[in-house]
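Notes for the structure review
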Amino acid sequence: TQLLEQSPQFLSIQEGENLTVYCNSSSVFSSLQWYRQEPGEGPVLLVTVVTGGEVKKLKRLTFQFGDARKDSSLHITAAQPGDTGLYLCGATEGNKLVFGAGTILRVKS
Amino acid sequence: DTAVSQTPKYLVTQMGNDKSIKCEQNLGHDTMYWYKQDSKKFLKIMFSYNNKELIINETVPNRFSPKSPDKAHLNLHINSLELGDSAVYFCASSPTGYMNTEAFFGQGTRLTVV
């Protein structure tokens, strides 16, 4: 059983569409991170959310941390081909950083 | 300058061989990690070192032996390679091993065992 459940696993959309990726858990976290990984590269941190209910924006990306700090979502507005990649949510369990299974996003032009 | 660098980027080898992957970080971080990413893109932690001390070993076969000569380096040696070891291996570092800290990843080493 994975600590972090991500959905959907795969998303293929047209340029200009909106999308939401979810990261859920039965555990409570003090913080949660979102990373993006492009082909042939390592994951790169996008954002860390810390406070329950917190909303952070990064250009067209909106990140939300659930009130109970068990879940998070990533919303992309007007997706562009450059958004294509693997999106990973991560959280600290004990003293290790663990990840969800990831969402592969493909944005077609 | 690359923050976390791994070598080699690609490694193709035969079953039964022994191989090593090297990792160096120039960020001054105390904690370094090895992750394995399988064909389904799942990123699973293997080892974590803090100031050259092993703090996490995630039930990895003992054919895998990490070595940290100093806190800037964490190498991974694999003995008697098996087909199932084929994956992308990522090295990462963070300022501490604790919460709210960003992990910086290397570019990965794609290991193919034939």
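What counts, and at which threshold
- Per chain, the residues get numbers from 1 upward, laid out in the order the sequence is written.
- The lettering of chains begins at A and the numbering of ligands begins at 1, in the order of writing.
- Local features in this predicted model are restricted to residues of pLDDT 70 or higher, and side-chain atom pairs are both shown and tallied only at a pLDDT of 80 or more, whereas totals for entire chains, interfaces and linings draw on every residue.
- Hydrogen atoms and water are omitted, and side-chain values are computed over all heavy atoms in the structure.
- Here the term cavity refers to a set of points on a 1 Å grid, laid over the protein atoms alone, in which a 1.4 Å probe fits but cannot get out; the term pocket refers to an open set having protein on both sides within 12 Å along at least five of seven lines, with lining residues being those that place an atom within 4 Å of a point.
- Grid points are joined across faces, edges and corners, and a volume is the space filled by probe spheres set on the points.
- Helix numbers and strand numbers start at the N terminus; a helix is a DSSP run of H or I with at least 4 residues, a strand a run of E with at least 2.
- Any pair of residues with heavy atoms lying within 4.5 Å of one another is described as a contacting pair.
- Summed over both partners, the accessible area lost on bringing two parts together, with a 1.4 Å probe, is the buried area.
- Whenever a carboxyl oxygen of Asp or Glu lies within 4 Å of a side-chain nitrogen of Lys or Arg, that contact is scored as a salt bridge.
- Distance and chemistry together define a polar contact, namely a pair of N or O atoms within 3.5 Å, with one atom able to donate a hydrogen and the other to accept it when in protein, and with adjacent residues in sequence counting only for side-chain atoms on both sides.
- By the convention adopted, Pro, Cys, Tyr, Trp, Phe, Met, Ile, Leu, Val and Ala count as nonpolar, Lys, Arg, Asp and Glu as charged, and the other residues, Gly among them, as polar.
- Two strands pair under a simple rule: DSSP has to find at least two bridges between them.
- Geometry is summarised by axes, namely lines fitted to C-alpha atoms with helices restricted to the contacting stretch, and by angles between N-to-C directions that run from 0 to 180 degrees.
- Any two rings among Phe, Tyr and Trp, with Trp reduced to its six-membered ring, count as a pair given centres within 6.5 Å; such a pair is stacked if its planes are under 30 degrees apart, edge-to-face if over 60, and tilted if neither.
- Per-residue accessibility, obtained with a 1.4 Å probe over protein chains only, is compared with the maximum for each type, and a residue is labelled buried under 20%, exposed over 50%, and partly exposed between these values.
- Definition of nonpolar core: a set of buried residues of the types Ala, Val, Leu, Ile, Met, Phe, Trp, Tyr and Cys, connected through side-chain atoms within 4.5 Å.
- The quantity known as pLDDT measures the predictor's confidence residue by residue, on a range of 0 to 100.

Of the pockets and cavities examined, the largest pocket occupies roughly 310 Å³. If you trace the largest pocket, you find 22 residues lining it, with Glu-38, Pro-39 and Gly-40 of chain A together with Lys-41 and Arg-110 of chain B closest to the centre. Counting only elements with at least two residues in the lining of the largest pocket, the list comes to β9 (85–93) and β11 (103–108) of chain A together with β9 (87–94) and β11 (109–113) of chain B.

Turning next to the interface of chain A and chain B. Often the size quoted for an interface is simply the accessible area lost on bringing the parts together. If you look at the interface, chain A gives 22 residues, while chain B gives 22 residues. Counting the surface chain A buries against chain B, the share from its top three residues, Asn-95, Lys-96 and Phe-99 of chain A, is 26%. Summed over the shared surface of chain A and chain B, the result is zero salt bridges. Between chain A and chain B we count five residue pairs in polar contact (both at pLDDT 80 or more) in total. Of all the secondary structure elements, the ones that give two or more residues to the side of chain A that touches chain B are β4 (32–37), β9 and β10 (96–99) of chain A. In terms of residue class, the side of chain A that touches chain B is made up of ten nonpolar, ten polar and two charged.

What follows covers the sheet that holds strand β7 (residues 64–70) of chain B. Residue and element names in this part refer to chain B. Spatially, β1-β3-β8-β7 is the arrangement adopted by the four strands of the open sheet, whose pairing is antiparallel. The open sheet is flanked by β1 (4–7) and β7, the only strands paired with a single partner. Direction aside, neighbouring strands of the sheet carry axes that sit 15° apart on average. Two strands pair when backbone bridges link them, and β1 and strand β3 (residues 19–25) are joined in this way by four bridges, in the antiparallel orientation. Bridge pairing in β3 places Gln-6 opposite Cys-23.

All right, on to the packing of aromatic side chains then. All told, the structure shown has eight aromatic pairs over all chains when counted by the stated rule. An angle of 40° between the planes, with centres 5.9 Å apart, marks the rings of Tyr-33 of chain B and Tyr-35 of chain B as tilted. Classification of Tyr-35 of chain B as buried rests on a relative accessible area of 1%. Between the aromatic rings of Phe-64 of chain B and Tyr-89 of chain B, the centroid separation amounts to 6.3 Å while the plane-to-plane angle is 35°, which identifies the pairing as tilted. With Phe-64 of chain B in strand β7 and Tyr-89 of chain B in strand β9, this pair connects stretches of sequence that are 25 residues apart. The residues Phe-64 of chain B and Tyr-89 of chain B share a single accessibility class, namely buried. Cluster of aromatic residues (ring-pair linked, three or more members): Tyr-35 and Phe-99 of chain A together with Tyr-33, Tyr-35, Phe-90 and Phe-105 of chain B.

Leu-19, Leu-32, Trp-34, Phe-63, Leu-74, Ile-76 and Leu-105 of chain A are the most contacted members of the largest nonpolar core, which has 23 residues in total. Broken down by secondary-structure element, the contributors of at least two residues to this core are β2 (10–14), β3 (19–24), β4, β5 (44–49), β7 (61–65), β8 (71–76), β9 and β11 of chain A. In this structure, Phe-63 of chain A is in contact with Trp-34, Leu-46, Val-47, Val-49, Glu-54, Val-55, Lys-56, Leu-58, Ser-73 and Leu-74 of chain A, ignoring residues within four places of it in sequence. Counting 20 residues, the second-largest nonpolar core is a separate cluster that includes Phe-47, Tyr-49, Leu-74 and Leu-111 of chain B.

Here the focus is the confidence of the model for chain A. Mean pLDDT over chain A stands at 94; residues scoring 70 or higher make up 99%. When the elements of chain A are averaged for pLDDT, β10 of chain A gives the smallest value, 86, and β3 of chain A the largest, 98.

Before going further, it helps to examine the environment of Asn-24 of chain A. Residues and elements named next belong to chain A. Locating Asn-24 in the fold gives a position in strand β3. By relative accessible area, Asn-24 is classed as partly exposed at 35%. Expressed as a C-alpha distance, the spacing of Asn-24 and Phe-10, which sit 14 residues apart in the sequence, is 16 Å. What Asn-24 contacts, discounting residues up to four positions off in sequence, is Leu-3, Leu-4, Glu-5, Lys-70 and Asp-71.

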